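Here are the chains, one letter per residue:
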Amino acid sequence: MTLNNRRTRIIHFIASYLFFSLFIIALSNPATALGKRSALVLYDEVTQDYGTSLVNILGHFYNEYDVNLINISKADLEEVKEVDALFLLATYFSFNYDINLIKVIGEREIQGNKITCLIGTPPWLKRSKTMKSFTYVSYKGNDYREGTYDLFPVDIDFDITLAKLHMGDKTDETPLIARRGNLWIIQGFPIFGIHSWILGDALHDILEVKHKDDKNVSLRLEDVNPSYSDRDIKNLEECIEYLHSENIPFFVVVYPVFIDRKSNKIITLAQNPKLISVLKKAEKMGGNIVMHGVTHQHQYMEVSGEGSEFWDMIEDKPLYNEVEFFNERISYGLKIFKEAGLNPLFFEAPHYNLSLNLQFELSKYFSTLLGSVLISDRTYKISQSFPFLIYKSYSGLMVIPEQLGYISVDDISGSISSIKEKALKLKNIVRDPMACFFYHPFVNGVVPLKELISFFINEGFSFVNISSYVQPPKALTIDTSSSKPIEDITKIGRKPIYIGKTFATFSIASSILFFLIYLKILKKRKRRLFEIDKPS
């Protein structure tokens, strides 16, 4: 073998080895394999819910960042050093911070290629001893009034300020989102309302991500159900035909079983063939069917449309045995849709109430959720809405948000004005919004829609067909032939008894009282026996 041949073989071997090594590294790190950067969110004993909500928002940047959520007590310092983007959530009530962690954060601040962002009011930062309440926020040259925003302002000189908090006269200002060197600080937790829209938009700058400035909007025809009368169906059909004529894609949000226990009535889709025909027409005319639960009520709620089907609204907690209940209902509901020849592509929880556990469970059936999401299983009152499309939420779902509200039957003109006002704010704040509003077709047919469709088009919004963003859901291929009718849904009878806190408390108190009475009676009997047996 010549020297040149030997050198060639050695070079080929080295090249093959390097290629194989890089391939193995890529496989072991999916983010690297996909060309993504890494992001780490650290939370503590006080900020867990905020950590969940931040992961949700960061889901908008799923194509650019692979996000990991970790309790700060379990954080690996090496990972904290090396991660591309670090987000640490803390408050002045947070405790037990490792001095080494604070040192690593300080080291990251002087590294030009690392993004570090502190959210809240970390206890080691110099801050005011007086809590202040701010009612205005300034962003991109505009002022917005949004309730009160309370915090102990930090005492730091910043290089760049993206958003400011103030009281209206701008004499007492503090940064909401600002940067010092390579360190970003976000004061408080701007997770809700307009503050969250500002945070969402600012994250493009913080993460150095450029998205197209597309202004998108989606429309939902809401709460369509088997109780629809001929007049309701006619109104629905008019809306569908108008939207199709304007080349406007839309959602039709349907629950397949209507229950009215007051009048002992249960109606399924199969019993309303006219509605089925119009829904099939909608699918052919640019409409996407959305499964809106099964009955849109639960147990003690007598009429469909009134209840959060998958959340205990009286106790304000997840349902007992919620996973079994959820799977049983979804399977039966899908069976009804299939028997009607309809293909739901998305899911929307009644009143948006779906526990974190059930959000994970939903992925067995659908990849996409519509509306807001709960960020805690402690209460339904803490829900999160988004200004843009979430490609991957904390629970792994795509989320198509809604933040503009709906056309109200009680105030059509006022609610239309409100939708327009919110849409303009969203457009001015967020560079790539996904606006959304919804409408109940039975309200007034197509008339209110025409005004809003014209408004959004004139403001430069594009109506988008969301189905082009997602893969067909598993729900379309799941075998539901063995799904049995649910007794609670299919049989009308006495309203189910709700055993809640009040009933349970009464039962326990009654049991204790009866037991005390029994002891007293028993004591009297013993005394009498003693008196009888006593020698005279």
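Just so it is clear, the structure is predicted and the values come from calculations on it, not from any experiment. (Residues numbered from 1 in each chain as written. Predicted model: local features only at pLDDT ≥ 70, side-chain atom pairs only at ≥ 80, totals over all residues. Heavy atoms only, no water.)

### Considering the overall build of the protein chain
Counting its regular elements, the protein chain contains 14 helices and 21 strands. Classification of the 536 residues of the protein chain by burial places 50% in the buried group. Considering only contacts within the protein chain whose residues lie at least 6 apart along the sequence, 73% involve residues at least 24 apart. Of the roughly 26500 Å² of accessible surface on the protein chain, a fraction of 53% belongs to carbon and sulfur atoms. (Helix = DSSP H or I, 4+ residues; strand = E, 2+ residues; numbered from the N terminus. Buried < 20%, exposed > 50% of the residue type's maximum accessible area, 1.4 Å probe, protein only. Contact = heavy atoms within 4.5 Å. Areas by Shrake-Rupley, 256 points an atom, 1.4 Å probe, with all protein chains shown as cover.)

### Notes on the packing of helix α7 (residues 230-245) against helix α8 (residues 273-284)
In the contact formed by α7 and α8, the axes pass within 10 Å of each other and the chain directions differ by 5°. In terms of axis orientation, α7 runs roughly parallel to α8. Contacts from D230, I233, L236, E237, I240 and E241 of α7 reach α8 at K274, L275, V278, L279, K281 and A282. Tallied by class, residues from the contact of α7 with α8 come to 7 nonpolar, no polar and 5 charged. (Axes fitted to C-alpha atoms, helices over the stretch in contact; angles between N-to-C directions. Parallel < 35°, antiparallel > 145°, perpendicular 65-115°, else oblique. Nonpolar A, V, L, I, M, F, W, Y, C, P; charged D, E, K, R; others polar.)

### Quick notes on the pairing of strand β3 (residues 85-90)
Taking burial as the measure, the 6 residues of β3 include 6 buried ones, the bulk of the element. Of the two faces of β3, the one holding A85, F87 and L89 and the one holding L86, L88 and A90 are both buried throughout.

### Re the confidence of the model for the protein chain
On average, the protein chain scores 85 in pLDDT, and the residues at 70 or more come to 83%. Segment residues 13-33: pLDDT under 50, and 4 contacts once partners within four positions in sequence are set aside and those in other chains are kept. Predicted confidence is poor over residues 492-507, with pLDDT under 50, and the contacts of this stretch with residues over four places away or in other chains come to 19 contacts. (pLDDT = per-residue confidence, 0-100.)

### Some points on the sheet that holds strand β1 (residues 37-43)
Taken in spatial order, the 9 strands make up an open sheet running β2-β1-β3-β4-β9-β8-β7-β5-β6, and their pairing is mixed. The sheet terminates laterally at β2 (65-71) and β6 (142-151), the two strands that pair on one side only. Along the sheet, successive strands turn relative to each other by an average axial angle of 20°, direction set aside. When β1 meets β2, the two strands line up parallel, connected through 7 bridges. Residue pairing for β2: L40 is matched across the bridge by N68. (Pairing = 2+ DSSP bridges.)

### Re the nonpolar core
Nonpolar side chains in soluble globular proteins tend to end up buried together. Membership of the largest hydrophobic core comes to 112 residues, with the highest contact counts inside it found for F87, L221, L279, F347 and F456. Those residues within four positions of L279 in sequence are excluded, and the remaining contacts are V224, L236, V252, V254, L269, I289 and L342. Judged by nonpolar contacts, the second largest core, of 21 residues, contains I72, L88, L101 and I105. (Core = buried A, V, L, I, M, F, W, Y, C linked by side-chain atoms within 4.5 Å.)

### Comments concerning the packing of aromatic side chains
On inspection of all chains with the given rule, the structure shows 15 aromatic pairs. Centroid distance F251 to F346: 5.4 Å. Interplanar angle 90°. Geometry classified as edge-to-face. Taken as a pair, F251 in strand β11 (residues 250-254) and F346 in strand β15 (residues 346-347) lie far apart in primary sequence, 95 residues in all. Since its relative accessible area comes to 0%, F346 is described here as buried. (Phe/Tyr/Trp six-rings, centres within 6.5 Å; stacked < 30°, edge-to-face > 60°.)

### Concerning the environment of P175
Looking at the secondary structure, you find P175 in strand β8 (residues 174-180). With 21 residues separating them in the primary sequence, P175 and V154 have C-alpha atoms 8.8 Å apart. The residues touching P175, leaving out its near neighbours within four places in the chain, are F158, T161, A163, K164 and Q187.

### Quick look at the pairing of β8
The buried fraction of β8 is high, at 5 of 7 residues. Looking at chain direction, strand β7 (residues 160-166) and β8 are connected through 5 bridges and run antiparallel. Across the sheet, residue A163 finds its bridge partner in β8, namely I177. For β8 and strand β9 (residues 183-187), the ladder comprises 4 bridges, and the chain directions are antiparallel. Among the inter-strand pairings, R179 is bridged to a residue of β9, identified as W184. Linking β8 to β9, which pair antiparallel, is a turn of 2 residues; within it G181 sits at a positive phi near 65°.

### Some remarks on unusual backbone geometry
Even without a glycine there, the phi angle at H296 is positive, about 55°. Within the secondary structure layout, H296 lies in the loop between β14 (287-291) and α9 (322-339). For H296, a relative accessible area of 2% translates into the label buried.

### Concerning the environment of G120
Within the secondary structure, G120 sits in strand β4 (residues 115-120). Separated by 67 residues in the primary sequence, G120 and Q187 have C-alpha atoms spaced 5.0 Å apart. Setting aside anything within four residues of it in sequence, one finds G120 in contact with A90, I186, Q187, G188 and F189.

### Quick word on helix α6 (residues 193-206)
The end-to-end C-alpha separation of α6 is 20 Å, in line with the 20 Å expected for 14 residues at 1.5 Å each. Burial analysis of α6 places 12 of its 14 residues in the buried class, the great majority of the element. Taken residue by residue, α6 has I194, H195, S196, W197, I198, L199, G200, D201, A202, L203, H204 and I206 as its buried positions. Immediately downstream of α6, the backbone of E208 shows phi near 60°, a positive value. (Expected span 1.5 Å × (residues − 1).)

### What to know about the pattern of salt bridges
With the rule as written, the count across this model stands at 20 salt bridges. In this structure, R431 engages D201 in a salt bridge whose closest nitrogen and oxygen atoms are separated by 2.8 Å. Of this pair, R431 sits in the loop between α11 (412-429) and β20 (434-439) while D201 sits in helix α6, and the two are 230 residues apart along the sequence. For the pair shown, R431 and D201 are each scored as buried. Notably, a salt bridge pairs K364 with E361, separated by 2.5 Å at the nearest N-O pair. Through salt bridges with shared partners, a single network forms among K140, D201, D205 and R431. (Salt bridge = Lys/Arg side-chain N within 4 Å of Asp/Glu carboxyl O.)

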